[in-house]
Every structure is written in C-alpha cells, then in structure tokens.
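These are the residues of each chain, in order.
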Amino acid sequence: MTFEETLDYIYTRKKFAESSSLERIEAVLSALSDVHKKLRFVHVLGTNGKGSVSAMISSCLSSAGYKTGLFTSPFVVNFRERIQIDNKYIEETDFCRIAETVKEKSETLPEKLRPTFFEFVLACALLYFYENGCDIVVLEAGIGGKNDSTNIIPPALVTVFTSISLDHTEVLGKTIEKIAESKAGAIKPGSVVVSFPFENGGFDFLPQSEEAKNVLTRTAKENGCKIIFPDMKSIALLNENIFETKFTFENAEFSIRLSGEHQLGNAACALCALKELGGLGFSLDEKSLQNGMHAAFLPARAEVVRKEPLTIIDGGHNEGAAKTLQKLISRHLKGKRITLLAAYMKDKDYQTALSILAPECENVVLTLADEKRGEDPKVLKNTAEKFCKNVFCESDKEKAFEKATALSKKGDVLIVAGSFYLAAEVRKNFSV
C-alpha cells in the first residue's frame with residue numbers, strides 16, 4: 001500500500017469500540033509477539049499539558065544520547081507526528097511496512113478483537129519502537145487511564161500526570177474526582193508517580209486540584225508507589241515573553257520555546273520525572289537537560305507563526321486550554337486589538353471556551369472544524385454574540401482565515417483556537 005492507501009485503511013477502523021477494555025490491543029500485540037513487553041516506558045497521562053510534558057521528557061532523553069521513542073496524539077499537520085524517534089517522524093515507507101504487518105495480524109483475529117483506529121496506530125508505534133531498539137519510549141495516553149489502550153504496557157519506569165480537568169466527561173465522568181480515578185487506573189506497582197504541581201508557587205496557573213491530588217495520592221499508596229509533586233519554590237522565573245520562557249530549576253538555568261507560566265508547571269513535572277529516571281540508571285547531565293528542554297517543541301500550542309500581524313495558533317479545545325490562552329492574552333497582549341478565528345467540535349464545551357476568549361476580542365470569526373463532528377458556526381455564533389459584538393460565520397476554513405486576516409491590521413493580533421483540525425488547516429499557510 002502507498003502512504004495514502006495506508007491512511008485510508010487506518011481511517012476505516014472504528015473510532016470507538018462498543019466496550020472499553022484492553023482485550024483488543026492485547027490481542028493484536030500478542031499476535032505481534034508482545035513487543036510492548038520488551039520496551040521501557042514513561043507513561044504520560046492527564047487532561048492538559050500531556051503533549052508539552054511528553055515533548056520535554058523525550059527531547060531531554062534524546063539529548064542525553066538515548067534512542068527515544070515518542071507516541072503522541074492528535075497530530076496537527078502530518079499524521080507521522082504521532083510516531084517519532086529522537087524527534088524525527090517515522091518515514092512513510094516504514095509506516096506503510098509496519099502498518100501492513102499490523103493489518104495482516106489484525107485480520108487473523110475475530111472481528112470483536114480487531115483494533116480500533118487508536119489501537120491500530122498504537123500497535124504500529126510499539127512495533128516500530130521495538131524494531132528500532134529504542135532505549136526508552138515516552139508514551140502519551142489517549143483520553144483515559146485504566147481502560148486506555150496505552151495502559152497495556154508493563155509498569156512504566158515513571159508514570160506522569162499532567163493537569164487534570166474536565167474533558168471527555170461523557171466517557172470519563174462528570175467530576176474531577178471521577179476523571180482522576182479513571183486516569184489513575186494507569187498506576188501500577190513498581191512505577192514512580194510524578195504529578196503536576198499541587199501548589200503554583202505564586203505563578204499564574206491553576207495547580208493540580210485537591211480532588212485530583214487526593215485520588216492520585218491514594219492510588220499511588222495502594223500500589224506501593226512513591227508519588228512526587230514538584231515544589232514550585234525551586235523554580236524562579238527569569239524572563240517570559242510570547243516566544244520564550246527562561247527560568248531556573250534547582251539552581252540550573254533553562255530556556256523553553258513554550259510560552260505561558262503554566263509551562264513552568266509542565267517543566268517542573270518533566271524535570272522531576274527526568275530526575276527520577278536519573279535515579280534509575282539514566283545518565284542525564286545538566287547540559288543534556290538544558291539542550292533538551294530548549295529543543296522541545298509542539299506545533300499549535302500557543303505557537304507564533306507570523307509576527308505581523310502577530311498570529312498565534314493554539315489547538316486547545318477545553319476550558320483549561322481556553323483559560324491558559326486567556327492568561328497569555330492578559331500577560332502579553334494587553335491593549336492589542338484581537339481577532340479570534342475559532343471552531344469547535346460538537347462534543348466540546350464551546351460555550352465555556354467562548355465565554356472566556358470572546359470578551360478579549362474585537363472580532364470573532366467562526367468556522368467549521370470538521371464536516372461530521374464539527375459544530376455549526378451559526379450555533380457557535382449564538383454563544384459568541386453574548387460576549388463580542390462583531391461575530392462572523394464562514395463554514396469554509398480557508399475563507400474564514402482570509403476573513404480573519406482581513407480584519408487584522410498592522411499591530412493587531414490574530415488568534416486561531418478551539419480545534420486541532422482548524423489549527424492544521426491554518427498552519428499550512430505558513431512556512432513553519
């Protein structure tokens with residue numbers, strides 16, 4: 001199969017299974033000689049910040065000379081973003097070959113045990129990492145924990161929990177406690193647990209909630225695992241702008257190309273996880289950590305793609321992501337005339353997201369995130385008009401981008417938010 005044919009086949013896989021269990025991923029990996037049992041892992045779970053923390057940890061491990069696999073989702077521009085070794089996307093030819101193997105093994109299984117879309121891609125990633133002899137794999141979970149297909153792995157060396165907030169409530173539960181319980185199901189005996197900070201140390205971000213902290217602490221104790229909450233008093237902010245954040249952690253100086261004070265919480269989480277790996281035999285000197293943290297990069301996470309008019313793309317789609325973006329606006333874009341280009345999926349809490357972002361904007365342009373799952377821009381408009389007087393609808397994403405650009409004059413700011421589907425389309429207009 002060609003790369004396009006391979007993707008077409010993968011997209012025919014069911015997006016969601018009738019039952020949430022590990023039996024399908026267990027069956028396909030068993031057919032692949034249980035390659036996951038021959039790898040070592042850092043497992044990253046949470047609601048917001050998984051991509052940032054995963055990128056930081058994998059980048060530092062690669063910088064230290066370890067062959068490091070990274071599995072992440074969703075992708076923004078290129079499907080191959082999901083599967084990387086040492087910050088390099090899997091080659092199309094390798095992906096096609098690996099996918100053909102997984103396809104052949106999957107089709108020998110009973111229909112009820114054939115993998116879903118996510119499980120298929122995960123199986124491809126694990127086989128690829130095994131074939132390439134990865135020293136360690138940074139594995140970003142899907143939406144859950146206990147029944148998330150990434151939980152098929154043996155006990156991770158370190159299990160990391162980023163900020164836990166309300167998202168995917170129809171699957172995980174309606175409260176922070178229920179969602180934390182689902183995610184905490186990934187904690188296994190023999191792993192060290194690292195959580196997003198419980199206190200923010202005076203920095204401008206929401207720490208891990210009391211509810212999530214209690215669930216994680218209790219579950220870690222039940223499994224005999226040490227749990228670590230980074231001490232934000234060990235971090236000092238040196239300088240922060242829209243392009244870069246400089247800080248010290250335990251007296252070492254770092255620079256990350258990810259903006260927002262919430263990234264200090266993510267950085268503390270990542271550095272604590274790396275410190276634990278150091279105690280497990282990984283040689284991680286200060287220079288490797290500094291180089292790795294600076295090299296860490298994520299597309300469409302408060303990403304500046306153009307300086308004039310200043311254009312920022314952020315694919316975040318829930319309340320926590322909207323609050324983070326609003327804080328970035330209030331800290332760095334005060335007094336600027338802002339146009340928001342946004343789209344949301346039907347199953348997302350766009351009402352809350354728009355109530356946070358739209359009041360900050362002079363104009364709001366609404367478009368369609370996805371033909372099947374995207375919310376109608378006219379429906380979004382009913383919410384946005386409560387918070388902004390200049391609201392426009394354009395279902396075609398390219399035309400919506402042209403409209404938003406036309407509304408953004410010299411010195412203005414254009415922010416693209418609410419959907420990775422929209423972020424991917426808009427990002428194609430820039431050479432980044």
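Going by the structure above, here's the rest.
Summarised in this report is the structure supplied together with it. (Residues numbered from 1 in each chain as written. Predicted model: local features only at pLDDT ≥ 70, side-chain atom pairs only at ≥ 80, totals over all residues. Heavy atoms only, no water.)

In this section: the nonpolar core. Grouped together as the largest cluster of nonpolar side chains are 44 residues, with contacts concentrated most on Ile57, Leu61, Val160, Phe247, Leu274, Leu277 and Met293. Take this core: its biggest share by element is ten residues, from helix H9 (residues 262-278). Those residues in contact with valine 160 that sit more than four places away from it in its chain are Val42, His43, Val44, Leu45, Val53, Ile57, Val194, Cys269 and Ala273. The next biggest cluster of nonpolar side chains, apart from the first, holds 43 residues, and it includes Leu29, Ile85, Ile98 and Cys124. (Core = buried A, V, L, I, M, F, W, Y, C linked by side-chain atoms within 4.5 Å. Buried < 20%, exposed > 50% of the residue type's maximum accessible area, 1.4 Å probe, protein only. Helix = DSSP H or I, 4+ residues; strand = E, 2+ residues; numbered from the N terminus. Contact = heavy atoms within 4.5 Å.)

To continue, consider the packing of aromatic side chains. If you walk through the whole model with that rule in mind, you get 14 aromatic pairs. Between phenylalanine 247 and phenylalanine 254, the ring centres sit 5.6 Å apart and the planes meet at 25°, which makes this aromatic pair stacked. This pair shows no difference in class: phenylalanine 247 is buried, exactly as phenylalanine 254 is. The side chain of lysine 103 reaches across the aromatic face of tyrosine 9, ending 5.2 Å from its centre. Seen from the ring of phenylalanine 392, lysine 403 lies directly overhead, with NZ or CZ sitting 4.5 Å from the centre. (Phe/Tyr/Trp six-rings, centres within 6.5 Å; stacked < 30°, edge-to-face > 60°. Lys NZ or Arg CZ within 6 Å of the ring centre and 35° of its normal.)

The sheet built from six strands is open, its strands ordered E12-E13-E17-E14-E15-E16 with mixed pairing. One side of each edge strand has no neighbouring strand; the edge strands of this open sheet are strand E12 (303-307) and strand E16 (391-393). Looking at each pair of strands side by side, their axes are set apart by 20° on average, direction ignored. In this sheet, strand E17 (residues 413-417) lies alongside strand E14 (residues 338-342) in parallel orientation, the contact comprising five bridges. Directly across from alanine 342, in E17, lies its bridge partner alanine 417. (Pairing = 2+ DSSP bridges. Axes fitted to C-alpha atoms, helices over the stretch in contact; angles between N-to-C directions.)

Of the two faces of strand E15 (residues 363-366), the one carrying Asn363 and Val365 and the one carrying Val364 and Leu366 are both buried. Across four bridges, E14 lies against E15 in parallel orientation. Of the residues in E15, the one forming a bridge with alanine 342 is leucine 366. You can see the chain leave E14, run along helix H12 (residues 350-357) and come back into E15, and the turn it takes is right-handed. Pairing geometry for E15 and E16, over three bridges, is parallel. (Right-handed = clockwise from strand over helix to strand, strands pointing away.)

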